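# Geometric and topological summary
The primary structure of each chain is shown beneath.
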Amino acid sequence: MPEALSIRTAAESSPAAATAATAAPREIKVTARDVNVSYGEKQALFDVDVDIAARSVMAFIGPSGCGKSTFLRCINRMNDTIPICRVTGRIEVDGRDIYDPEIDVVQLRARVGMVFQKPNPFPKSIYENVAYGPRLHGMATNKAELDAIVEESLRRASLWKEVSDRLEQPGTGLSGGQQQRLCIARAIAVSPEIILMDEPCSALDPIATARIEELIDELTENFTIIIVTHSMQQAARVSQRTAFFHLGRLIEEGPTEQIFSNPKDRRTQDYITGRFG
Amino acid sequence: MTTLYFVIMVALVPVAFWAARRRAFAVVEGRPGVLHSLPTYHGLLVAVIVFIPMLVVFALGTPAVGRLAEARAVAALPSDVAADLLRRSAVMREVANVASGNHAGDPAPGIRAAADSLVATRDAGHLAVLVLGLAVAAAAFAFAYRRIAPAFRARNHFERFVRVVLMACAAIAILTTIGIVFSVVFETYRFFFDPALKGRPTVSEFLFGTEWNPQAAMRADQGDIRTAFGFVPLLTGTLLITAIAIAVAGPLGLFSAIYLAEYASPRLRASVKPILEILAGIPTVVLGFFAALTVAPLIRGWGESFGLDVSSESALAAGLVMGMMIIPFISSLSDDVINAVPQSLRDGAYALGSTKSETIRRVVLPAALPGIVSAFMLAVSRAVGETMIVVMAAGLAAKLTFNPLDAVTTITVQIKTILVGDQEFDSAKTLAAFALGFVLFFVTLMLNVIALQIVRRYREQYD
Ligand SMILES: Nc1ncnc2c1ncn2[C@@H]1O[C@H](COP(=O)(O)OP(=O)(O)OP(=O)(O)O)[C@@H](O)[C@H]1O
Ligand SMILES: [Mg+2]
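Residues numbered from 1 in each chain as written. Chains lettered and ligands numbered in written order. Predicted model: local features only at pLDDT ≥ 70, side-chain atom pairs only at ≥ 80, totals over all residues. Heavy atoms only, no water.

## Quick look at the nonpolar core
Residues and elements named next belong to chain B. Core analysis: the biggest nonpolar cluster contains 57 residues, and F191, F206, W212, I241, I326 and L436 have the highest contact counts within it. It is helix α12 (residues 315-340) that contributes the most residues to this core, 10 residues altogether. If we ignore the near neighbours within four places in the chain, the residues touching I326 are A245, I246, A249, A379, R382 and A383. (Core = buried A, V, L, I, M, F, W, Y, C linked by side-chain atoms within 4.5 Å. Buried < 20%, exposed > 50% of the residue type's maximum accessible area, 1.4 Å probe, protein only. Helix = DSSP H or I, 4+ residues; strand = E, 2+ residues; numbered from the N terminus. Contact = heavy atoms within 4.5 Å.)

## Considerations on the domain arrangement of chain B
All names here are of chain B. Each assigned domain of chain B is listed here: domain 1 (2-150), domain 2 (153-193) and domain 3 (221-462). Between domain 2 and domain 3, the residue contacts involve 8 residues of the former and 11 residues of the latter. Summing both sides of the interface, domain 2 and domain 3 together bury roughly 770 Å²; the carbon and sulfur share of this comes to 84%. Inspection of the region where domain 2 meets domain 3 yields 0 salt bridges. Here domain 2 and domain 3 share 1 residue pair in polar contact (both at pLDDT 80 or more) between them. (Domains from an automatic or database assignment. Buried area = accessible area lost by both parts, 1.4 Å probe. Salt bridge = Lys/Arg side-chain N within 4 Å of Asp/Glu carboxyl O. Polar contact = N/O pair within 3.5 Å; in protein donor to acceptor, adjacent residues only side chain to side chain.)

## Remarks on the pairing of strand β9 (residues 241-246) of chain A
Residue and element names in this part refer to chain A. For β9, a buried count of 5 out of 6 residues is recorded, marking the element as mostly surrounded by other parts of the structure. Where strand β3 (residues 57-61) meets β9, 4 bridges bridge the pair, whose relative direction is parallel. Bridge pairing in β9 links A59 to T242. As defined by bridge partners, β9 adjoins strand β10 (residues 249-255) across 6 bridges and the pair is classed as antiparallel. Directly across from A243, in β10, lies its bridge partner E253. Count of turn residues in the β9/β10 antiparallel hairpin: 2 residues, of which L247 carries a positive phi of about 50°. (Pairing = 2+ DSSP bridges.)

## Comments concerning the pairing of strand β8 (residues 224-228) of chain A
Residues and elements named next belong to chain A. Among the 5 residues in β8, 5 count as buried, and that is most of the element. Side chains T224, I226 and V228 of β8 all project onto a buried face; the interleaved residues I225 and I227 project onto the opposite face, where all are buried too. As judged from the 4 bridges shared by β3 and β8, these two strands associate in the parallel manner. Directly across from A59, in β8, lies its bridge partner I227. Inspection of the sheet shows strand β7 (residues 194-198) paired to β8 by 5 bridges, in the parallel sense. If you follow M197 over to β8, its bridge partner there is I227. Taking the sense of rotation as the criterion, the β-α-β connection linking β7, helix α9 (residues 206-219) and β8 turns out right-handed. (Right-handed = clockwise from strand over helix to strand, strands pointing away.)

## Some points on helix α9 (residues 232-263) of chain B
At 3.6 residues per turn, the α-helix brings residues three or four places apart onto the same side. With 32 residues, α9 of chain B should reach 46 Å at 1.5 Å per residue; the first-to-last C-alpha distance of 44 Å fits that figure. Along its length, α9 of chain B reaches its greatest deviation from straightness, about 25°, at A249 of chain B, and the proline P251 of chain B lies no more than four positions downstream. (Expected span 1.5 Å × (residues − 1). Bend = angle between axes of the 7 residues up to and from the residue.)

## Some points on the environment of G437 of chain B
Residue and element names in this part refer to chain B. Position of G437 among the secondary structure elements: in helix α17 (residues 428-458). Residue G437 is classed as partly exposed on the basis of its relative accessible area of 22%. Sequence spacing of G437 and V185 is 252 residues, and the spatial spacing of their C-alpha atoms is 9.2 Å. With residues near it in sequence (within four places) discarded, G437 still touches V184 and I415.

## Some details on the layout of surface pockets
Of the pockets and cavities examined, the largest pocket occupies roughly 470 Å³. Taken together, 16 residues form the lining of the largest pocket, with P83 of chain A together with A261, E262, A264 and K356 of chain B sitting closest to its centre. If you list the elements that add at least two residues to the lining of the largest pocket, you get α9, α10 (266-281) and α13 (343-351) of chain B. Among the elements that line the lining of the largest pocket, the one with the most residues is α9 of chain B, at 4 residues. Counted by class, the lining of the largest pocket contains 7 nonpolar, 4 polar and 5 charged residues. (1 Å grid on protein atoms, 1.4 Å probe; cavity = no way out; pocket = protein on both sides within 12 Å on 5 of 7 lines; lining within 4 Å. Points joined across faces, edges and corners; volume = space filled by probe spheres on them. Nonpolar A, V, L, I, M, F, W, Y, C, P; charged D, E, K, R; others polar.)

Given below as structure tokens:
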């Protein structure tokens, strides 16, 4: 905790210091301390502590039902929409407690985008799906600018070629994998600083998966990405650091190579070698 | 006798079911896996095969017996009575009374004989129907029972039967509607084109005339008054009141639906929604006198304090109360469709940084639009078809006006006014009701078509 704090203050104090901080090992974007989440009586997360570096990819792995999505949803406070869900502990983005009553959740969510586990395109046209966020936040002053944002986002989500001639058709009419990419395009269209991706490639073929992974690489230039995945290979390919969850606890977190080649915890080893999960 | 028939039928059907089911078990020696269809399907099929013929025998046999008995009774009457149609029907009524034992005093001997003949024929006939029904049922049972075999596809046959029954129900509903439309169209045609009808208007007089006064046409034999069937004031009155009602109920209903579905806690919603629905259960007569005795005087008082001339019965009073009446239709149905919008769509909007009201406006309402439009359509049809409130609160004056403070009348009110009391069905006045019914039907149909177009155009379909 003290270590993380000092890095963060260094990073935030001034632009000059920020450039200096890139030389330092890690600039922290998201910090979680003692995060406990329960759905009604049932506790889903226990005492999760983690630091997530800016402009990097953090992968969450772990068996189904271990709380990866739950933790992801804490970071943009999507759990607020579930009435029975209670979150305690401290989560900071850029050093500010996001559960502080002063925080504007709407602004937070504009900065922390999310791609959901199940694709959920709006029942609007493909164009309107992607244009929704930029319109909402007044990111384009005219139609041409909006068109440009939409095209750019669809290209980056490698969907443009497939839909450029039918932008006015409903997004819900796309295939499952196309819908997933549409949701990715929709999320990146508002250029969030942090993008939470909950199994973004679960319905994609290997080629589309590779494109999304390229996109993730590209995005790390400016953005911080947290990705939940069930594919070890994917975690190994895209992430710098990996966190392993098991039964609601964060068991182990560290550089990806280390987690995969030399895990400290027995349970991590069992999981990545496929002994359970 | 007919009761006995039904009792036997209702008793036989389960017996057939059980017998067939046991037989199905027996033919495979208690190993149902060998059967193509489960024993229950064999049972159901045989039960149906017994039930349907029995029902048909009853449905055809009983009226036939009735007619036969009547014919016999007529034959037993003195020939001069039987020949005179008018006297015959009067005497036959008496015969029927005697036969059912409702006759006071001693009937004339001729009538007594006819009644005896009637009763004898009827009893014998009913017995015959019963015997025939049992015979048919036994034959059907034997036929079906013997066909039970491991390979027999009882399930498929039963599925086909289910489909036929469902189709028949749908067909009855549609045919009834078509029948109603045809009778209305036919009488409307008579109203406009029957040469025997005095005082009938031409189609264009009806559609474009601005004076409505069916009473004048009643005195048509005193003089030829033909300008009384102008339907325009009724249409404007209907539209005016409906517009007021929707202007009241639309926003109130929709906004309360949004509140209930999106903002209210589940507990509040669970208690408020039934209360709103009670509002839909208030008889319109009650609402009508509430409009006439409370709302209308209130409006007149207000109007006078502003120096306006308000009639004691006004379109505004009727429209306001009608609006209250249709609020539950809009709010309850809209609440249901808003609730049916998947949470994942809201989550998607929130995750992009939408506020609650932005989410509702841009995602939830468009997705719920088809349902909301149908809720509005239902409300409009209720408003257009509502009679009682208008009778009591808006008056009967067929006045061509768009002033909500005036007394107006509507299409339904005029239909009611025309047909109340004993009427002969060949005057222009009564037939005018059919013409009004026809245009009313047409107006609602058009509204529905328009709503459908709106939905198709702006529909955002989720699945
Ligand atoms: N809305 C909810 N209401 C109640 N319990 C929930 C809810 N969402 C998740 N849970 C519970 O919380 C636990 C963690 O769920 P979570 O969705 O975070 O798992 P996950 O790690 O994302 O699993 P998966 O890999 O299958 O997506 C589970 O036991 C689940 O039953
Ligand atoms: Mg999950």
